[in-house]
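# Structural features, examined
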Amino acid sequence: MAAEKDFKLTYATMFNPPEEFHIRFEEELGKVRTNLGKEYAMIINGQERYSSEKFADRNPANTDEVLGIFQKGTTEDAHDAIAAAKKAFKAWSRTPWPDRVALIRRAAELIDQRIYEIGAVLSLEVGKNRTEALGDVAETVDLFRYACQSMEEHHGFIVEMGRDPLPGFLATNFSVLRPYGVWLVIIPFNFPCALAGGPAAAALVTGNTLVMKPATDTPWTARLIAECLRDAGLPDGVFNYVTGSGNTIGQALIEHPDVAGVTFTGSYEVGMKIYRRFAQSPWVRPVILELGGKNPAIVSRHANLDDAAIGITRSAFGLQGQKCSACSRVYIEEPVYDELVEKLVSLTKSLKIGDPTERSVYLGPVINQNSYRDYQNFVKELQQSGTILTGGQILTEGNLAKGYFVAPTLVADLPLNHRLWKHEMFVPITTLAKVKNLQEAMDLANDVNYGLTAGFYGAPEEVEWFFDEIEAGVTYANRPQGATTGAWPGFQPFGGWKASGATGKNAGGIYYLPLYMREQIHTLVKRL
Ligand code: NDP
């Protein structure tokens, strides 16, 4: 974002961007809109690959609008993509790491130059509001750059070890981290840019070759990232982009013995299936899983309630509650419960819902028919056991009838043993509970399988206790910019504990790149 000199877009700064940001977004949106409905191929071994069967990528805000036509990739396409990546691996892994860094930096430059175009596509395809959409692209640029910086700071991860004392000999020992081979990246619908780009950049800069598959709902954004890799000059076969259903081409990719490692970001159910499938091979291959969340916010009686209310509302309903980090549970100490709930209801009611590309809109549609149905079923179930404070209905007035629009929903009085306190709903519904004290809140917060993000609002002397006790990979205290959402590479590396992730090391952080490499020790002995 070279144009806005003193402004850096992150999920924490995006609420009030400079005017130029809006002007450029609207210009690019206009261009993208005149170009809808085109057909896009897969990219295998540097070639455009078409299938006999296609699928339509539709705008969830207006399902009459076909954004593009994409290929239903087959098992054969999966195998060809893996074969191309395997063939390219030898040369790419032997390319000096500073040359790989230079190519990945060039790709980051291209993504940065195309940020408004990619952001406009992303807003149409995912239903993200414009600042969240541009945030997803800007995050991708930073993930690419962070991977390059990390490679440089560690000098390519080549480290001279001690010289063992061998009388009459000189022994030198080096620890070298080396890539695994063909790396698979499987992408969810909700961050189709950053969750394609982050793992892709890490895999590529460390010397692996890549096959990436986006979600069926969001193939276009990942295609634009693939084009940036292509235009940056990565050799044929080093990256491959395939599309189609998870159950067919996705499964064929997972089952292929030549896949050396995988980064899967998506639901717990699919992620664990992949993990178990991978365990059936003759040796253990790396599986990086980034899975769901059930992210709590805890509010103490000493909290600044205005900060808590805005932070919780932003995290509960940003991207329609479809972030892995969405704040879906809130535990509030009794003395401040009524006052905070009143603020939350009032803020939630003020959120504008509609076409997410419009400047003033905060909530767009949910992603598809399944999510639309899930929302309605969850509301029915919650109405039976709790109190809907606001929301609780689908929105069908005027143009909203053409898309999957639902009202952001706050629920109180839900018994604490209700199953939906533990289930990731992934729609804009957040449940609120009154607790006697902070320890009760903490016990409830930790009593789920997930452990992705968590937020706290309270006195400074309570904060260390929160950090110490909470079981989550990304934790925030007293943050009005977002109770549980809004991590940024380099600032808040992102990853989950327990059922939310497999490695215990966060993306966009200091321990991430080594996950994509294996260690080899080089010992050389010379007679003196
Ligand atoms: P899904 O698990 O439904 O799908 C994720 C990806 O897996 C899609 O590309 C999908 O393809 C593919 N897939 C599905 N089945 C298979 C299979 N058998 N083999 C290989 N690939 C398969 O997740 P969603 O896209 O709905 O994303 C939402 C989920 O992702 C939520 O649980 C959310 O919490 C989690 N998430 C976690 C993040 C984190 O960093 N921890 C970040 C973002 C999201 P297709 O679309 O064709 O089915």
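First things first, this report covers the structure right here in the doc. Per chain, residues are indexed from 1 in the order of the written sequence. Only residues with pLDDT of at least 70 are given local features in this predicted model, and only at 80 or more are side-chain atom pairs given and counted; all residues enter the totals for whole chains, interfaces and linings. As a rule here, side-chain values come from all non-hydrogen atoms in the structure, and water together with hydrogens is ignored.

## Examining the sheet that holds strand E15 (residues 387–390)
This is how the line gets drawn: Here, a strand pair is defined by DSSP locating no fewer than two bridges between the strands. Each helix is a run of H or I in the DSSP string that is no shorter than four residues. Each strand is a run of E no shorter than two, and both are numbered from the N terminus. Only the stretch in contact is used when fitting a helix axis, every axis being a line fitted to C-alpha atoms; angles between N-to-C directions are given from 0 to 180 degrees.
Taken together, the seven strands give an open sheet; going across it, the order is E15-E16-E17-E14-E13-E19-E20, and neighbouring strands pair in mixed fashion. Edge positions in the open sheet fall to E15 and strand E20 (474–477), since each of these has one partner strand only. Within the sheet, the average angular offset between the axes of one strand and its neighbour, ignoring direction, is 20°. With three bridges connecting them, E15 and strand E16 (residues 409–412) associate as antiparallel partners. Note on E16: the bridge partner recorded for Thr 387 is Ala 412.

## Notes on the site of the ligand
Filter applied, for reference: The criterion for a residue being near a molecule or strand is simple. One of its heavy atoms has to lie within 4 Å of it. Residues adjacent in sequence count toward polar contacts only when both atoms are side-chain atoms; beyond that, a polar contact is any pair of N or O atoms within 3.5 Å, and within protein one must be able to donate a hydrogen and the other to accept it.
In the vicinity of the ligand lie 30 residues, with Thr 216, Gln 251, Ser 267, Leu 291 and Glu 424 positioned nearest. Gly 246 is positioned such that a nitrogen or oxygen atom in its backbone is 2.8 Å from an oxygen atom of the ligand. When residues of the shell around the ligand are traced back to their parent elements, those giving at least two are helix H8 (246–255), strand E11 (259–265) and helix H9 (268–278). Broken down by element, the residue count for the shell around the ligand peaks at four residues, all from H8.

## Some words on the sheet that holds strand E5 (residues 62–71)
Two orientations exist for strands paired in a sheet by backbone hydrogen bonds: parallel and antiparallel. One open sheet holds the three strands; their spatial order is E1-E5-E4, and the pairing between them is mixed. Of all the strands in the sheet, just strand E1 (38–39) and strand E4 (54–59) have a single pairing partner and so form its edges.

## A closer look at the packing of helix H4 (residues 115–126) against helix H5 (residues 130–153)
Two measures define how a pair of helices packs: the angle their axes make with one another and the distance between the axes. For clarity, the cut-off: Note that the term roughly parallel is reserved for angles under 35 degrees, roughly antiparallel for angles over 145, roughly perpendicular for angles of 65 to 115, and oblique for everything else. Helix crossings are classified by the rotation of the near helix relative to the far one: an anticlockwise turn of less than a right angle makes the crossing left-handed, while a clockwise turn makes it right-handed. The criterion used for residue contact is that any of the two residues' heavy atoms lie within 4.5 Å. Three classes are used: nonpolar for Ala, Val, Leu, Ile, Met, Phe, Trp, Tyr, Cys and Pro, charged for Asp, Glu, Lys and Arg, and polar for all others, with Gly counted as polar.
In contact at an axis separation of 8 Å, H4 and H5 are set at 125° when each is read in the N-to-C sense. By the angle between their directions, the pair H4 and H5 is classed as oblique. Relative to H5, the crossing made by H4 is right-handed. Taken together, the residues of H5 that come into contact with H4 (itself represented by Ile 115, Tyr 116, Ile 118, Gly 119, Leu 122 and Ser 123) are Arg 130, Ala 133, Leu 134, Asp 136, Val 137 and Ala 138. Split by residue class, the contact of H4 with H5 holds eight nonpolar, two polar and two charged.

## Quick word on the pattern of salt bridges
Proximity of charged atoms lets side chains of opposite charge pair with each other. We count it as follows: The rule for a salt bridge is simple: a side-chain nitrogen of Lys or Arg has to be within 4 Å of a carboxyl oxygen of Asp or Glu. Per-residue accessibility, obtained with a 1.4 Å probe over protein chains only, is compared with the maximum for each type, and a residue is labelled buried under 20%, exposed over 50%, and partly exposed between these values.
All told, the structure shown has 29 salt bridges when counted by the stated rule. Across the salt bridge formed by Glu 28 and Lys 31, the nearest N and O atoms sit 3.1 Å from each other. One end of the pair is Glu 28 and the other is Lys 31, both in helix H1 (residues 19–33) and three residues apart, which spans about a single turn. Where Asp 80 meets Arg 49, a salt bridge forms, and the shortest distance between an N and an O atom there is 3.0 Å. Highlighted residues: Asp 80 in helix H2 (residues 75–94) and Arg 49 in strand E3 (residues 47–49), separated in sequence by 31 residues. Looking at Asp 80, the relative accessible area reads 27%, which means it is partly exposed. Counted as one network, the salt bridges with shared partners bring together Glu 48, Arg 114, Arg 223, Glu 227, Arg 230 and Asp 231.

## Here's the deal with helix H10 (residues 305–317)
Convention followed: The span you would expect from a helix comes to 1.5 Å times its residue count less one.
Here H10 spans 18 Å end to end across 13 residues, near enough to the 18 Å set by a 1.5 Å rise per residue. Within the sequence span of H10, burial applies to Leu 305, Ala 308, Ala 309, Gly 311, Ile 312, Thr 313, Ser 315, Ala 316 and Phe 317. At its buried positions, H10 is contacted by strand E13 (295–299), strand E14 (327–333), helix H11 (334–349), E16, strand E17 (429–435) and strand E19 (453–457). Directly after H10, the chain includes Leu 319, whose backbone phi takes a positive value near 50°.

## Some points on the packing of H1 against H5
Two elements in contact, H1 and H5, have axes whose closest approach is 11 Å; the angle formed by their N-to-C orientations is 85°. As judged from the angle between their axes, H1 and H5 are roughly perpendicular. The segment H1 lies against H5, with Phe 21, His 22, Phe 25 and Glu 26 engaging Arg 130, Thr 131 and Leu 134. Residues belonging to the contact of H1 with H5 are distributed by class as follows: three nonpolar, two polar and two charged.

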